[in-house]
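Chain by chain, the residues:
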Amino acid sequence: PDYPGRPIVKNGKYTSNVIGNLKAFSSNELAFLSMLFFGVGLYGNLQFNYYDTQWAKVDAGGYFNVSYIVESLLLPISFFMHIACYIQKQNGK
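Because the structure is predicted, anything quoted here is derived from the model rather than measured.

**Observations regarding the overall build of the protein**
In terms of helices and strands, the protein carries 4 helices and 2 strands. Ordering the α and β elements of the protein from the N terminus gives β-β-α-α-α-α. Relative to its length of 93 residues, the protein is extended, with a C-alpha radius of gyration of 19 Å against a globular reference of 12 Å. When its C-alpha atoms are laid out on the principal axes, the protein stretches across 60 × 25 × 20 Å.

Take a look at the structure:
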């Protein structure tokens, strides 16, 4: 049955209402943001764990490089941007 308000599913497909505030973005913009967030998040993650290991600095009495932590938080967000891009692409936007 159809419920009042903005529909979530129509004809077996998700509508743009599923992705909330991101429905104003086109699929191209969301794809760009997804790739950008993935690149920055992967950079922060690799720097933190492999190239500029932060655990050795902390063991030596130093501090974490907080920018790597903030950058790595963009990695999971890029996945949700990718899902939003797919939904917008399926809706022709």
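Here the narrative resumes.
**Examining the side chain of Ser-78**
In this fold, Ser-78 is placed in helix H4 (residues 74–90). Since its relative accessible area comes to 5%, Ser-78 is described here as buried. Every residue in contact with Ser-78, bar those within four places of it in the chain, is listed here: Ser-34, Phe-37 and Phe-38.

**Points about the confidence of the model for the protein**
Residues of the protein with pLDDT of at least 70 account for 98%, and the chain-wide mean is 91. Averaged pLDDT values for the elements of the protein fall to 82 in strand E1 (residues 9–10) and rise to 96 in helix H1 (residues 27–51).

**Quick notes on H1**
The end-to-end C-alpha distance of H1 is 33 Å, a good match for the 36 Å that 25 residues give at a rise of 1.5 Å each. By the burial criterion, the buried members of H1 are Ser-27, Leu-30, Leu-33, Ser-34, Phe-37, Gly-41, Gly-44, Gln-47 and Phe-48. Packed against the buried residues of H1 are helix H2 (54–59), helix H3 (66–72) and H4.

**A word on H4**
With 17 residues, H4 ought to run about 24 Å at 1.5 Å a step, and its terminal C-alpha atoms sit 24 Å apart, in line with that. Among the residues making up H4, those that are buried are Ser-78, Met-81, Ala-84, Cys-85, Ile-87 and Gln-88. Next to the buried residues of H4 lie strand E2 (13–14) and H1. Two residues or fewer after H4 comes Gly-92, characterised by a positive phi angle close to 75°.

The rules behind each value
- Residues numbered from 1 in each chain as written.
- Predicted model: local features only at pLDDT ≥ 70, side-chain atom pairs only at ≥ 80, totals over all residues.
- Heavy atoms only, no water.
- Helix = DSSP H or I, 4+ residues; strand = E, 2+ residues; numbered from the N terminus.
- Rg over C-alpha atoms; globule rule 2.2 N^0.38 Å.
- Buried < 20%, exposed > 50% of the residue type's maximum accessible area, 1.4 Å probe, protein only.
- Contact = heavy atoms within 4.5 Å.
- pLDDT = per-residue confidence, 0-100.
- Expected span 1.5 Å × (residues − 1).

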